[in-house]
Amino acid sequence: MSFSILPPPITPLAAILPSEPLLLMGAGPVPIPQAVAQANGVIINHLGPTMDRVIQNVKYMAAYAFQTRSDKIIGLAGPASAAMEMAVSNLCWPGRKVLCLKVGTFSGRLGEMALGVGADVTFLEGPPGRPVTLADVREAMKKQRYDVVTMAHGETSCGVRMVELPEICKLAKAQGTLTIVDAVVTLTAMPVHMDEWGIDVGIVGGQKALSSIPGVSACAFSQDAWKVVEERPSPRPHWCYDATRAQRFWGYQQYHYTAPVPGVLALHEALRLVCEETLERRFRRHEMSSLAMQAGLEAMGLELFASKDVRLNSVLAIKLPAGADSARIREYMTKAFRVEISGAFGLNIVRVGQMGEQCRSHNLFKTLYAMGMSFQREGVKLDVSEGMAALEQGLAGDREYFVD
């Protein structure tokens, strides 16, 4: 037997991967703890009794992370965008009116998904670098009634935080409007109180603030949201993302599709580490780390994109000085220092993550120094030593929070 297509030249993975791993200090994915990495290499029966115990633990721990008493917590074999799609496709359909609070790429993506399932979508945007306000939403709701409001707690693309999110969710709840909240870069990095704030669907992905692996995500549904899911009058457009089908596995340990076993195990360990650290200590570590990094960047001579009153601590957006080239800076950082940060989606910025394992003092010092030297090489006048001193000062108060 002859074959017209021959096997291609084979390059082993070991020859593709760098000999020294990059320190991932961008907007995600982020470095993962050893326990998460080990769990990601294990396979068990996705319908066996061991997996049943794992799923129950994941739900209990995720409820703590979301600060919810809801048991309608569903994992997905897919990125955070898959969790967005589950939330949107189960609550939105033709005839439903959706208000999308757009601050950047990812908050806008929720509106795009709602359009994709036939909903009537209104996009409400604030000024560049500013979130949509409670007053903006109140004015929009005076003009017409909405079934769903979508928003991102932290806009990854530009480092802006939806500061009035609790008040917006309470306003929506008072009017019988459901809320979908992207908490991918905020859950466990800063307070998210799903029940207290009145969030109806919270969304998280593994690869950012949770410090787990990419490709696994979750949705947490409130009682009000779940009632709409169950009473939906029209067929759901997605089989895998049908929340009622997914609940067979996540609620009753029955078959839906073959679960991403290593990813769920990795998510279990990431959440376990969150619970062991406690949210209180974890929030404090993230806040101290980010504020110290911000102080270092500004003392060095760089300017942050978002003003302090709306700044997202978990993803810092840094303005590029005139003449500086983002691609060249980031390429030099990876080659000379083995540190990777993120570019942008159309904005003249670079982005540095402050999530999970990124918030360790040794990672902060390496990243700030690598950035300072790389910007200097691009011709930007900076005082790197002043920035490093400011970072050190910012971390000096409570070193105990940064013990690995």
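My aim in this report is to walk through the structure given alongside it, one point at a time. Keep in mind that what you see is a predicted model, and the values were worked out from it rather than measured.

## What about the side chain of His46?
Examined against the element boundaries, His46 turns out to sit in the loop between α2 (34-39) and α3 (49-66). With relative accessibility at 12%, the residue His46 sits in the buried group. At 3.4 Å, the side chain of His46 and the backbone nitrogen of Ala259 are in polar contact.

## Quick look at the packing of helix α12 (residues 279-300) against helix α15 (residues 384-395)
Their axes nearest at 7 Å, the elements α12 and α15 cross at an angle of 160°. As summarised for this structure, α12 and α15 are arranged roughly antiparallel, according to the angle between their axes. When the axes of α12 and α15 are compared, the crossing they make is right-handed. The segment α12 lies against α15, with Met288, Ser289, Ala292, Met293, Ala295, Gly296, Ala299 and Met300 engaging Val384, Glu386, Gly387, Ala390, Leu391, Gly394 and Leu395. Residues belonging to the contact of α12 with α15 are distributed by class as follows: ten nonpolar, four polar and one charged.

## Notes on the nonpolar core
With 92 residues, the main nonpolar core has Leu91, Leu101 and Phe221 as its most contacted residues. Ranked by residues supplied to this core, first place goes to α3 with nine residues.

## Some points on a nonpolar patch on the surface
Together, Met1, Phe3 and Leu6 make up a nonpolar patch on the protein surface, roughly 480 Å² of accessible area in all. Examined against the element boundaries, Leu6 turns out to sit in the segment before α1 (13-16). Residue classification places Leu6 among the exposed positions, given a relative accessible area of 64%.

## Description of the pattern of salt bridges
Pairing is possible between side chains of opposite charge, provided their charged atoms come close. All told, the structure shown has 19 salt bridges when counted by the stated rule. Arg96 is paired through a salt bridge with Asp147; the nearest N and O atoms lie 3.5 Å apart. Remark: Asp147 occurs in the loop between α6 (134-143) and β5 (148-152) and Arg96 occurs in the loop between α4 (80-91) and β3 (97-102); sequence separation between them is 51 residues. Judged by relative accessible area, Asp147 falls into the buried class, the value being 15%. The salt bridge partner of Asp200 is Lys173, with a shortest N-O separation of 2.6 Å.

## Comments concerning the packing of aromatic side chains
Under the criterion given, the structure shown has five aromatic pairs. Aromatic side chains Phe106 and Phe345 sit 5.6 Å apart centroid to centroid with 90° between the ring planes, which places their arrangement in the edge-to-face category. With a gap of 239 residues between them, Phe106 in helix α5 (residues 105-116) and Phe345 in the loop between β12 (339-340) and β13 (349-353) connect regions that are remote in the sequence. Take Phe106: its relative accessible area is 14%, and that puts it in the buried class. Given the relative accessible area of 46%, Phe345 is considered partly exposed. One aromatic cluster is present, formed by Tyr332, Phe337 and Tyr369 through successive ring pairs.

## Thoughts on helix α11 (residues 261-277)
Its 17 residues give α11 an end-to-end C-alpha distance of 25 Å, which sits within 8% of 24 Å, the value for a rise of 1.5 Å per residue. Most of α11 sits inside the fold, with 13 of its 17 residues counted as buried. Thr278 sits one or two residues past α11 and shows a positive phi near 80°.

Calculation criteria
- Every residue gets a number counted from 1 within its own chain, in the order that chain's sequence is written.
- Where local features are concerned, this predicted model is filtered to residues with pLDDT of at least 70; where side-chain atom pairs are given and counted, the filter is 80 or more; whole-chain, interface and lining totals use all residues.
- To obtain the side-chain values, all non-hydrogen atoms of the structure were included, while hydrogens and water were left out.
- Numbering goes from the N terminus for both helices and strands, where a helix is a DSSP run of H or I of at least four residues and a strand is a run of E of at least two.
- Categorising residues by exposure relies on relative accessible area from a 1.4 Å probe, with only protein chains included: less than 20% of the type maximum marks a residue as buried, more than 50% marks it as exposed, and the intermediate range marks it as partly exposed.
- Under this definition, polar contacts are N or O atom pairs within 3.5 Å; protein pairs additionally need one hydrogen-donor-capable and one acceptor-capable atom, and for neighbouring residues in sequence, both atoms have to be side-chain atoms.
- Helix axes are fitted only over the stretch in contact, all axes being lines through C-alpha atoms; the angle between N-to-C directions runs from 0 to 180 degrees.
- Throughout, the term roughly parallel applies to angles under 35 degrees, roughly antiparallel to angles over 145, roughly perpendicular to angles from 65 to 115, and oblique to all others.
- Each helix crossing is assigned a hand: it is left-handed if the near helix lies turned anticlockwise from the far helix by less than a right angle, otherwise right-handed if that turn is clockwise.
- Here, two residues are considered to be in contact whenever any of their heavy atoms come within 4.5 Å of each other.
- Lys, Arg, Asp and Glu make up the charged group, whereas Ala, Val, Leu, Ile, Met, Phe, Trp, Tyr, Cys and Pro make up the nonpolar group; the residues left over, Gly among them, are polar.
- Take the buried residues of types Ala, Val, Leu, Ile, Met, Phe, Trp, Tyr and Cys, join any two whose side-chain atoms come within 4.5 Å, and each joined set is a nonpolar core.
- In this scheme, patches are assembled from residues that exceed 30% relative accessible area and form no salt bridge. Like charges are connected within 9 Å, while nonpolar side chains (Val, Leu, Ile, Met, Phe, Trp, Tyr) are connected within 5 Å.
- In short, Shrake-Rupley with a 1.4 Å probe defines the accessible areas, and a residue's cover is counted only from the protein chains shown.
- We define a salt bridge as a side-chain nitrogen of Lys or Arg found within 4 Å of a carboxyl oxygen belonging to Asp or Glu.
- Planes of paired rings set the category: under 30 degrees apart is stacked, over 60 is edge-to-face and the rest tilted, where pairs are Phe, Tyr or Trp rings (Trp by its six-membered ring) whose centres lie within 6.5 Å.
- To estimate the expected span of a helix, subtract one from its residue number and multiply by 1.5 Å.

Purely geometric numbers; function is a separate question.
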